[in-house]
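# Chain and residue survey
So you can see what is in the structure, the chains are spelled out below.
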Amino acid sequence: MMNRSFKDGLNLASKLTFRRTWNAVKIISSYLVSKYVHKPIHWGMPVSIAFEPTTSCNLRCPECPSGLRSFTRATGMLEPEFFRKQIDELAGDLIYLTFYFQGEPYLNKHFLEMVAYASSKGIYTATSTNAHFLNDETAKKTVESGMDRLVISIDGTSQEVYQQYRVGGNLQKVLDGARNVIRWKKELRSKTPYIIFQFLVVRHNEHQVEEVKQMAKEFGADEVALKTAQIYDYEKGSDLIPVNEKYSRYKKSDNCSYSIKSKLLNHCWKMWHSCVVTWDGHIVPCCFDKDAKYKMGDLKKNTFREVWNNERYNRFRASVLRSRSEIDMCRNCTEGTRLWA
């Protein structure tokens, strides 16, 4: 039997066209040249992008600005007409689209309509959900939308443990929602979405890692993804940091303070190949800019290409190449070193 993740990889590869492949080559080349000369050189359009369906959420998770209602920016919903306009400009070069930034995507009533539109353009589509809204009808529409990847947050195998992080959440609803999608996937004989049970490993649930793997197997999910938690004030420690350091982004020093395991290098692949579009049309550099502090431009005033190549964006890329430690959101980031670090 073909490995499930391999099948997902083949599905992603099927989205490639000559134009998208050539664009990816240009992006990778310009990134490598920029690292070598320490100056921002940028060819091509984004290979991957994230659109924020909404900043609203039904849960109150700690360490989440949406859950804590701690945003300084406004709360709202991504408009389908605006979304279609952006996709029409990007579709020729774009390979991967994530419908997620902050908030719960399924709270936007037009969410699956937008997924279907992107899918119709041959773009790989993915989202992450707390799965509280996957009733029978919505689960069927999810499969019919053409969504390629569905990440379901399951941060505990019992209600008692689950609710410690997913405050206000109901694990049974999550499991019922997952079961609905998996059933409709079989009934409609669909190969997608590729279903991932995502487990955010924190101190109170780290003992359930093997249990969630068994749960995913029993349900028929395609994969379990273990995710480390981002802690905003990590230096003095946190009750959320796992005891087992392999599940943590942070390491404990001899003086009992904490630091990020990864070395903060002066380059970041994300600044070249991707970006995030907020619900109200602003481009921000990456998913670590949760409060949209570093706005690169407004897509309601300029085209995507104009913002992607503007002076402000290139100045920001230059600052990343010069000293990432001077940028607030980069100091608690483990993402920038993943590609050719």
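Quick note: structure is the one above.
In short, a report on the structure. (Residues numbered from 1 in each chain as written. Predicted model: local features only at pLDDT ≥ 70, side-chain atom pairs only at ≥ 80, totals over all residues. Heavy atoms only, no water.)

## Details of the overall build of the chain
The helix and strand inventory of the chain stands at twelve helices and eleven strands. Its C-alpha radius of gyration of 20 Å places the chain within 12% of the 20 Å reference for a compact globule of 341 residues. Viewed in the frame of its principal axes, the chain has a C-alpha envelope of about 55 × 50 × 45 Å. Of all 341 residues assigned to the chain, the portion counted as buried reaches 55%. Residue pairs in contact within the chain that sit at least 24 positions apart in sequence constitute 68% of those at least 6 positions apart. Across the chain, the centroid of the 51 positively charged side chains sits 4 Å from that of the 38 negatively charged ones. (Helix = DSSP H or I, 4+ residues; strand = E, 2+ residues; numbered from the N terminus. Rg over C-alpha atoms; globule rule 2.2 N^0.38 Å. Buried < 20%, exposed > 50% of the residue type's maximum accessible area, 1.4 Å probe, protein only. Contact = heavy atoms within 4.5 Å. Lys, Arg positive; Asp, Glu negative; His and termini not counted. Charge placed at Lys NZ, Arg CZ, Asp CG, Glu CD.)

## Section: the packing of aromatic side chains
One pass over the structure, following the stated rule, counts eleven aromatic pairs. On the numbers, 5.4 Å between centres and 80 degrees between planes, the contact of Trp308 with Tyr313 is edge-to-face. You'll find Trp308 and Tyr313 in the same group, each marked buried. One aromatic cluster is present, formed by Phe51, Phe83, Phe99, Tyr106 and Phe111 through successive ring pairs. (Phe/Tyr/Trp six-rings, centres within 6.5 Å; stacked < 30°, edge-to-face > 60°.)

## Regarding the side chain of Ser30
Tracing the chain through its elements places Ser30 in helix α2 (residues 18-37). Overall, Ser30 belongs to the buried group, its relative accessible area being 0%. Setting aside chain neighbours within four positions, we find Ser30 in contact with Ile41, His42, Trp43 and Trp272.

Purely spatial values, then, with no claim about function.
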